[in-house]
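Examining the three-dimensional arrangement
Below are the chains, spelled out letter by letter.
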4 protein chains.
Amino acid sequence: MTSDTPKLIALLSGPDQRGLVAKVSNWIFERDGNIIHADQHRDHEEGVFFQRVEWAIEGGRSAQEEKDAFRSFGDSIGMRAHVAIAGKKPNVALFVSKSDHCFHDIILRWKAGDYPCDLKLVISNHETLREASEQYGIPFECIPVTKESKSEAEAKQLALLNGNEIDLVIMARYMQVLSSIFLDTWGKPVINIHHSFLPAFAGAKPYHQAHKKGVKLIGATAHYATADLDQGPIIHQAVTQITHGNSVKDLVRKGRDLEKLTLAQAVSWHLENRILVYENKTVVFD
Amino acid sequence: MTSDTPKLIALLSGPDQRGLVAKVSNWIFERDGNIIHADQHRDHEEGVFFQRVEWAIEGGRSAQEEKDAFRSFGDSIGMRAHVAIAGKKPNVALFVSKSDHCFHDIILRWKAGDYPCDLKLVISNHETLREASEQYGIPFECIPVTKESKSEAEAKQLALLNGNEIDLVIMARYMQVLSSIFLDTWGKPVINIHHSFLPAFAGAKPYHQAHKKGVKLIGATAHYATADLDQGPIIHQAVTQITHGNSVKDLVRKGRDLEKLTLAQAVSWHLENRILVYENKTVVFD
Amino acid sequence: MTSDTPKLIALLSGPDQRGLVAKVSNWIFERDGNIIHADQHRDHEEGVFFQRVEWAIEGGRSAQEEKDAFRSFGDSIGMRAHVAIAGKKPNVALFVSKSDHCFHDIILRWKAGDYPCDLKLVISNHETLREASEQYGIPFECIPVTKESKSEAEAKQLALLNGNEIDLVIMARYMQVLSSIFLDTWGKPVINIHHSFLPAFAGAKPYHQAHKKGVKLIGATAHYATADLDQGPIIHQAVTQITHGNSVKDLVRKGRDLEKLTLAQAVSWHLENRILVYENKTVVFD
Amino acid sequence: MTSDTPKLIALLSGPDQRGLVAKVSNWIFERDGNIIHADQHRDHEEGVFFQRVEWAIEGGRSAQEEKDAFRSFGDSIGMRAHVAIAGKKPNVALFVSKSDHCFHDIILRWKAGDYPCDLKLVISNHETLREASEQYGIPFECIPVTKESKSEAEAKQLALLNGNEIDLVIMARYMQVLSSIFLDTWGKPVINIHHSFLPAFAGAKPYHQAHKKGVKLIGATAHYATADLDQGPIIHQAVTQITHGNSVKDLVRKGRDLEKLTLAQAVSWHLENRILVYENKTVVFD
């Protein structure tokens, strides 16, 4: 196996049955593949099997050929298969408003080579981050949103996403709710960061809610956006201790680091094809 | 200052005003006291001042005399003062049901000398922990509770608390709700441990709720019990990461350590007179 | 698969080769086994493959028969295989001195059903914990150790371990160094807890060392004991923040919780056959 | 007290004596000051008293006048007093090499308004970060360092520091050791970030050391630089869990977040005048 050997990553899910691990590893072995890593999970209550398997294609077949073949194989054993070619970078769009900490954080990680993706586009409802965006060399599109213009604005956003062949949207503290029409039409994953340990403090101004309640920790939650606000499948959560001495302003400041780290981790897992969603929950193969 | 020198700890709170730190430290200095530690907090929004001050009485006056004098002094400057004589151990009762992890944990910390209190009594609605309790040498009282017998049971509990001159009740996973009548009649602090990161998953079966929701962390919350279930002032909270692989049973097992540590810390702060309650929140001078 | 279905857990290690995952899963599948969980790790630098696989035997063969067969299979593919029958409890001896926090913690977890083992014996160089041990119903043997009597004492310890068919020794703050002769003769695993984040502060009085150095966190390290003091393969480590305000006594008190949790986790992983040792390091399949 | 009211922060240290808290608070009260926050620490072993006190000057005197007066007062009671005027921003220089994660992190926090300082200058031994630095609008000076040119290079650095009236140097992964001559001549604080939990893995390539040792956590340590490499007073430390699955490259990547957060916290405390150094340790009034 050299660094040029093509590699595939498959995320498999479906009804549990005896011998699934053997079937999958056999299929790969017989087609001259070499499993680099495999992990699996069973939901015993629901009788569902989940597997992530990563392998090198050593017999000279092409990645695309094997990808198609594996999906057919998945069908043949009654499993849903998502297959990604390692190294094939998805296109990503960043949605932002005025707040810039997650914006800089995501972009700098990407520039440092941590994220196997192409950051094609920043979309915002404000001009605030245009200059910073363009200094990074990333096209910036400002689409203002008002109550009246919302559906029109979303149509423009969708056109940009489609025009740029975007595969993933990251809401890096984009302070607007995406409508269910937008999400349905778009149909691809959207990762959002909410600044509380959901399900506590869903909705607006979570730091104010936390301060009022007198909790001793604040959190951040990265989740896939769904039409149901702040209720999508949770990917990652983290918290930090606070004290009576912390004002709302302190919480906002402390929370920024939490938000950055939590969103960064979720994006990383997504880009490495480590996440499967089912029943509004996530299986994360870390 | 020797280890025999009497020491006082005062918790002071009231309307903020210029010179409070000076007034308090002066008062102590002029009566031959020596401040060992002082900490204070201001709630700027509410205009309230909080102080914890600990001092040694070096001029030969008695602890009781100084305690009374300080309370009068507090009155004279318009502040509420709670004063404790260091080393004077409060009496504590433990409320338990069948679950024993917090029960053993609290008792073993007390036996190890970590808790400056007298553990006088264990009260339970089940016989389960009688033997363990008596092996530790702590009297055990079983008071069964049914929907019908609840008020009668609480009357018995109150009689036991009063008869043993109890100062603090610790609910170490006591699986019953204390009525507002009980709490009002008793009138002294009750510390409870809830097995979630409140305000998320208040009420029954929080681990089941957490599992269903697909959160990525579980928590525990130690708080003072109030008539409003799981809504009392929060003293301490902690969380731990979980994964998709964890069943409800795993959460219960992992949660036990969280519950022990969180309750243990809250009890420790309470016994060291580090907690002030106001507006359904706590100031913890750690 | 019912709860009576016999289950095996194998830990496999050896030179990496193509198709290992397939070979193992196939072998199990063809003998009517059903893989419940499998995880693997490759050390690319050393070219070593590690796997933990857990499966149910569904074809009616006995656990012992399959255990032997799998070990032969391991030989046939050039891999070292450790195979355990799930539910077959190893015998454990606890080594303690005077300090009792890890002692109570391990025993209470065992009594709570968290540890699939038989806690057969407590061995100590002091009488201190005899009463507590016997209250728990666990035989207690006191073997005093002086510089002069050390080899004699170790001979007695070995006789007790062998006589009780012990499989694992847990040093729960046993304040003596086990000699290399003891460790070689015994030849089975010994888990120790060191009260620092090794390699920092190896040797005696780590909390004093930490305090003198002015570090801002203290730690605990659970590791397998080897002849090289505090240098054995690390299983688990944890730390907690401290401040300038903490005295050595505070560190000792805070450290107790760390020691308990770190040792408890290491023992749990060991008893669940999740640990492989190589090159003085551990692979922990969590 | 309005937001225009001048404020002072004093860090006081010296031999412990009865009544110090009273003396200080009295002095402030009598000069129409209002204590906003005061915290103190006693090192009972060494008999040293430390205090941080922050107050508003309400009687119309100037900040400079009160600052001088307090220092004289400190002298009169035999205490060393460092006094800072709140809002008077110190000048800061950033030392960097090629690595940019701490560089961006510090600058973005400063731009976000988290750091009350003037970031005047970036000094590097490489040209790598010139463009980024200049995009942020911060002057960049490249001073290459070789074994032969080291003393000459340090002379140039000192000239730049003095010419820009720098008060604090932050080594944001500057991969050169500052000589004791440099440190003595400069005479002002230098904060460094080391990528291990010191005292473990001091010196070069700590992540390689950690990987070889098989530790289960990696850390970062922010400390004041002294002539004794990696032995200066520790300000802050943090760690994160790692597993057998992590390569050195993974540790480097995971470590970056640790380094950023640990350095950021240390700088924040320093700029808020919360740190006192003594006996090669720090007192951090958080």
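Residues numbered from 1 in each chain as written. Chains lettered and ligands numbered in written order. Predicted model: local features only at pLDDT ≥ 70, side-chain atom pairs only at ≥ 80, totals over all residues. Heavy atoms only, no water.

1. Quick word on the relation of the copies chain B and chain A
Here is the rule we go by: Alignment of the copies relies on least squares applied to C-alpha atoms, considering only residues that score at least 70 for pLDDT in both. Contact between two residues is taken to exist if any of their heavy atoms lie within 4.5 Å; hydrogens are not considered.
Overlay of chain B on chain A (RMSD 0.0 Å): rotation 180°, translation along the axis 0.0 Å. Classification of the inter-copy transformation places it as that of a two-fold axis. Nearest to the rotation axis, the C-alpha of A200 of chain B is located 2.4 Å from it, this being the minimum over chain B. When the interface residues of chain B are mapped onto chain A, 100% of them again fall at the interface, so both copies present the same face.

2. Some words on the interface of chain C and chain D
Accessible area lost upon the coming together of the parts is a frequently used measure of interface size. Threshold: The buried area of a pairing is the accessible area, by a 1.4 Å probe, that goes missing from both parts when the two are put together, added over both. By convention in these notes, a salt bridge is any Lys or Arg side-chain nitrogen within 4 Å of a carboxyl oxygen on Asp or Glu. Here a polar contact means two N or O atoms within 3.5 Å. Within protein one must be a hydrogen donor candidate and the other an acceptor candidate, and residues neighboring in sequence count only if both atoms are side-chain atoms. Put simply, DSSP H or I for four residues or longer makes a helix, DSSP E for two residues or longer makes a strand, and each gets a number counted from the N terminus. Polarity classes work like this: nonpolar for Ala, Val, Leu, Ile, Met, Phe, Trp, Tyr, Cys and Pro, charged for Asp, Glu, Lys and Arg, and polar for all others, with Gly in that last group.
Across the boundary between the two partners, chain C contributes 30 residues, which contact 30 residues of chain D. Interface area, chain C with chain D, both sides summed: about 2,500 Å², of which 59% is carbon and sulfur. Broken down residue by residue, the surface that chain C buries against chain D is led by K213, K216 and H244 of chain C, which jointly contribute 26%. Here chain C is connected to chain D by 0 salt bridges. For the pair chain C and chain D, the number of links is 13 residue pairs in polar contact (both at pLDDT 80 or more). Looking at the side of chain C that touches chain D, the elements with two or more residues in it are α7 (206-213), β11 (234-241) and β13 (281-284) of chain C. For the side of chain C that touches chain D, the element with the highest residue contribution is β11 of chain C, accounting for 7 residues. The class makeup of the residues in the side of chain C that touches chain D is 14 nonpolar, 11 polar and 5 charged.

3. What to know about the packing of helix α7 (residues 206-213) of chain A against helix α8 (residues 248-271) of chain A
Packed helices, taken two at a time, are described by their axes: the angle between them and the distance between them. Residues and elements named next belong to chain A. Using the following cut-off: Structural elements are reduced to axes, namely lines fitted to C-alpha atoms, with helices fitted over the stretch in contact, and the angle between N-to-C directions of any two is expressed from 0 to 180 degrees. To sort the angles, those under 35 degrees are grouped as roughly parallel, those over 145 as roughly antiparallel, those from 65 to 115 as roughly perpendicular, and the leftovers as oblique. By convention, the crossing between two helices is left-handed when the near helix turns anticlockwise from the far helix through less than a right angle, and right-handed when the turn is clockwise.
One way to put it is that α7 packs onto α8 with a least axis distance of 10 Å and a crossing angle of 125°. Relative to α8, the element α7 lies oblique. The two elements α7 and α8 cross, and the hand of that crossing is right-handed. Of α8, the residues touching α7 (which contributes Y207, H208, A210 and H211) are V248, L251, V252, G255, R256 and E259. The residue makeup of the contact of α7 with α8, split by class, is 5 nonpolar, 3 polar and 2 charged.

4. Section: the interface of chain B and chain A
Tallying the contact residues gives 30 residues for chain B and 30 residues for chain A. The largest per-residue losses of area from chain B upon contact with chain A belong to K213, K216 and H244 of chain B, which jointly make up 26% of the total buried on that side. Our count for the chain B to chain A interface comes out at 0 salt bridges. Joining chain B to chain A, the criterion identifies 13 residue pairs in polar contact (both at pLDDT 80 or more). Elements that contribute at least two residues to the side of chain B that touches chain A include exactly α7 (206-213), β11 (234-241) and β13 (281-284) of chain B. Counting residues per element, the side of chain B that touches chain A draws most heavily on β11 of chain B, which supplies 7 residues. For the side of chain B that touches chain A, the class distribution of residues is 14 nonpolar, 11 polar and 5 charged.

5. Some points on the domain arrangement of chain A
Residue and element names in this part refer to chain A. Condition: For the domain bounds, the source is a domain assignment made automatically or taken from a database.
Segmenting chain A into domains produces domain 1 (7-85) and domain 2 (91-284). Summarising the inter-unit geometry, the C-alpha centres of domain 1 and domain 2 are found 31 Å apart. Between domain 1 and domain 2, the contact holds 13 residues from the first and 9 residues from the second. Across the domain 1 to domain 2 interface the summed buried area is about 880 Å²; carbon plus sulfur atoms make up 57%. Three residues stand out in domain 1 for area buried against domain 2, namely L11, F50 and R52, and they jointly supply 52% of the buried area on that side. Connecting domain 1 to domain 2 are 0 salt bridges. Along the contact surface separating domain 1 from domain 2 lie 4 residue pairs in polar contact (both at pLDDT 80 or more). Elements with a minimum of two residues in the side of domain 1 that touches domain 2: β1 (7-15), β2 (33-43), β3 (48-57) and β4 (80-85). Per-element tally for the side of domain 1 that touches domain 2: the top contributor is β1, with 4 residues. Within the side of domain 1 that touches domain 2, the residues separate by chemical class into 5 nonpolar, 4 polar and 4 charged.

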